[in-house]
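Close look at the chain arrangement
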Amino acid sequence: MGSSKKILVTGGAGYIGAHTVVELVNAGYEVVAIDNLVRSDLTLITGIEKITGKKVNFHKGDCRDKKFLTELFRSEGPVDGVMHFAALKSVGESVQKPLEYHDNNIGSLTALLQVMQQQGVKDFIFSSSCTVYGQPDSIPVDEQAPFKKAESPYGLTKQICELILEDVYKTGFRIISLRYFNPIGAHPSAHIGEMPIGTPNNLVPFITQTAAGWRDRLTVFGNDYNTPDGSCIRDFIHVVDLAEAHVKALSYLHNTRAHNLYEAYNVGTGNGVSVLQLVNAFIKKTGAKLPFRIGPRRPGDVEKVFANPTKINRAMNWKPRYSPEDALVHAWAWQQKLSR
Ligand code: NAD
Ligand code: WQD
């Protein structure tokens with residue numbers, strides 16, 4: 001590809017941001033990564049450098065800080081696009097601290113867009129989520145499905161951010177929202193992966209930490225759902241495939257002639273996999289011991305959701321390369337590295 005375009009990545013020290021920085025560098029982009037490190041440290045930045053063999057141009061700062069952003073754009077020179085990963089993402093925490101979530105997730109977006117506008121940067125990719133759909137009426141869910149009442153303040157921030165984007169793109173932005181389903185896994189090199197702070201809320205880090213002996217046992221939240229094995233169904237997407245979708249979305253934006261554009265795309269495999277299927281696949285694929293029990297349902301969980309990914313398949317020629325089993329093997333390799 002050999003492009004020398006410069007891309008600003010917010011939340012670049014986080015899980016999905018770091019994997020995307022690797023794919024951007026591999027595709028020939030120059031990357032400027034920023035993060036305020038509220039939910040991360042520099043571990044993944046070091047891991048990116050090991051994978052790519054290049055130093056990461058990293059700046060510590062907050063996306064709500066317009067002065068910081070303005071100075072950054074000035075010192076870095078022309079930027080060709082922004083990928084905005086920075087956000088708080090814990091559903092449970094957002095119920096306890098809704099104002100913090102609104103302030104951070106919405107404030108970051110509006111500050112960033114204002115500075116982009118001042119600097120004449122038009123191309124923007126936003127980390128949205130399947131959470132905007134709530135429990136959809138029909139599955140697989142496509143992008144036409146209406147936003148249901150948000151299940152949490154976190155989900156509401158993603159809905160509000162999308163509505164803001166749908167409003168402001170008309171003033172000269174070219175924007176894509178990528179609605180991720182359930183990102184899992186780690187880079188195959190095991191140099192970067194998911195690093196939740198404290199007890200993980202998400203299934204796969206809980207699985208790997210339990211198998212590593214960091215946690216006593218996994219609880220499967222409910223086996224009385226209306227699904228074949230009674231556990232919830234999700235669309236688990238390998239984080240490297242998700243990262244590649246960002247690179248494709250960026251070249252889609254760079255190749256369009258449109259002056260204003262707003263489009264939203266599901267990023268999922270299109271396959272529903274149950275929690276128990278994933279747990280059993282982990283045991284089978286890794287040979288690791290995974291103590292688990294069936295517990296009660298977790299409040300707020302939707303029964304089943306998976307993507308109709310036809311829109312991104314067609315428009316961007318994107319398809320996942322990895323299976324959920326691959327993702328589990330990679331997540332386990334990363335966990336074992338963390339455990340050493
Ligand atoms: P993460 O917590 O690993 O990464 C987010 C990063 O943003 C962290 O490093 C954090 O320190 C940083 N950050 C937060 N607020 C900031 C601010 N105001 N200024 C600068 N940096 C800030 O999370 P992730 O899993 O990599 O998620 C990335 C994005 O994808 C988020 O917007 C999240 O809501 C979205 N998303 C994640 C998932 C998922 O399951 N992981 C699913 C759908 C959508
Ligand atoms: C997956 C399944 C749990 C942990 C969340 C957000 C969503 C999006 C992705 C950001 C569910 C079950 C989990 C455990 C379990 N994030 N589970 N035991 O809830 O589908 O989606 O992350 O936008 O907005 O809500 O992901 O990984 O928490 O759970 O049985 O210890 O695993 O009940 O069915 P979820 P998850």
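Residues numbered from 1 in each chain as written. Chains lettered and ligands numbered in written order. Predicted model: local features only at pLDDT ≥ 70, side-chain atom pairs only at ≥ 80, totals over all residues. Heavy atoms only, no water.

A few words now on unusual backbone geometry. Residue P140 is reached from I139 by a cis peptide bond, and omega for that bond is 0°. With respect to the helices and strands, the residue P140 is situated in the loop between β5 (123-129) and α6 (153-168). Even without being a glycine, A190 presents a positive backbone phi close to 65°. Tracing the backbone through its elements, the reader meets A190 in the loop between β7 (182-184) and α7 (203-211). (Helix = DSSP H or I, 4+ residues; strand = E, 2+ residues; numbered from the N terminus.)

Glancing now at the packing of aromatic side chains. One pass over the full model with this rule turns up four aromatic pairs. With a centroid separation of 6.2 Å and an interplanar angle of 80°, the aromatic rings of Y252 and Y265 are classed as edge-to-face. Taken as a pair, Y252 in helix α8 (residues 239-255) and Y265 in strand β11 (residues 261-267) lie far apart in primary sequence, 13 residues in all. Judged by relative accessible area, which is 24%, Y252 ranks as partly exposed. The buried category is assigned to Y265, whose relative accessible area is 1%. Both rings, one in F282 and one in W332, keep their centres 5.5 Å apart while their planes meet at 85°; by these two values the pair is edge-to-face. (Phe/Tyr/Trp six-rings, centres within 6.5 Å; stacked < 30°, edge-to-face > 60°. Buried < 20%, exposed > 50% of the residue type's maximum accessible area, 1.4 Å probe, protein only.)

Around ligand 1 sit 28 residues, and of these I16, D35, S40, N104 and Y154 come closest. A distance of 2.9 Å separates an oxygen atom of ligand 1 from a polar atom in the backbone of F85. In the model, an oxygen atom of ligand 1 is placed 2.9 Å from a nitrogen or oxygen of the K158 side chain. Protein contact buries 94% of the 830 Å² of open area that ligand 1 shows by itself. Among the secondary structure elements, those contributing two or more residues to the shell around ligand 1 are α1 (15-26), α5 (98-119), β5 and α6. (Near = heavy atom within 4 Å. Polar contact = N/O pair within 3.5 Å; in protein donor to acceptor, adjacent residues only side chain to side chain. Areas by Shrake-Rupley, 256 points an atom, 1.4 Å probe, with all protein chains shown as cover.)

Around ligand 2 sit 18 residues, and of these S129, Y154, T219, R234 and D301 come closest. In the model, an oxygen atom of ligand 2 is placed 2.7 Å from a nitrogen or oxygen of the S129 side chain. R298 places a side-chain nitrogen or oxygen 2.8 Å from an oxygen atom of ligand 2. Contributions of two or more residues to the shell around ligand 2 are made by α7 and β8 (218-221). When residues of the shell around ligand 2 are assigned to their parent elements, the largest contribution, four residues, is made by β8. Residue composition of the shell around ligand 2, grouped by class: nine nonpolar, six polar and three charged. (Nonpolar A, V, L, I, M, F, W, Y, C, P; charged D, E, K, R; others polar.)

Take the sheet that holds strand β4 (residues 81-84) next. In a beta sheet, neighbouring strands pair by backbone hydrogen bonds and run either parallel or antiparallel. Taken in spatial order, the seven strands make up an open sheet running β3-β2-β1-β4-β5-β6-β11, and their pairing is parallel. Two strands lie at the open edges of the sheet, namely β3 (57-60) and β11, each paired on one side alone. Taking the axes of each pair of neighbouring strands and ignoring which way they run, one obtains an average angle of 20° across the sheet. In this structure, strand β2 (residues 30-35) lies alongside β3, joined through four bridges in parallel fashion. The residue bridging I34 from the neighbouring strand is H59, located in β3. Across the face of the sheet, α5 comes into contact with β1 (6-10), β4 and β5 while running at roughly 170° to β5. (Pairing = 2+ DSSP bridges. Axes fitted to C-alpha atoms, helices over the stretch in contact; angles between N-to-C directions. Contact = heavy atoms within 4.5 Å.)

A separate point is helix α3 (residues 66-76). Buried within α3 we find F68, L69, T70, L72, F73 and E76. On its buried side, α3 packs onto β1, β2, β3, β4 and α5. Residue G77 follows α3 closely and has a positive phi angle near 80°.

Here we take up the pattern of salt bridges. Note that side chains of opposite charge can pair when their charged atoms are close. Counting across every chain of the model gives 16 salt bridges. One salt bridge in this structure joins E162 and R179, with 2.7 Å as the shortest N-O distance. A residue pair is termed long-range when its members are at least 10 positions apart, and E162 in helix α6 and R179 in strand β6 (residues 174-180) qualify at 17 residues. A relative accessible area of 1% means that E162 is categorised as buried. You can call R179 buried: its relative accessible area is 5%. (Salt bridge = Lys/Arg side-chain N within 4 Å of Asp/Glu carboxyl O.)

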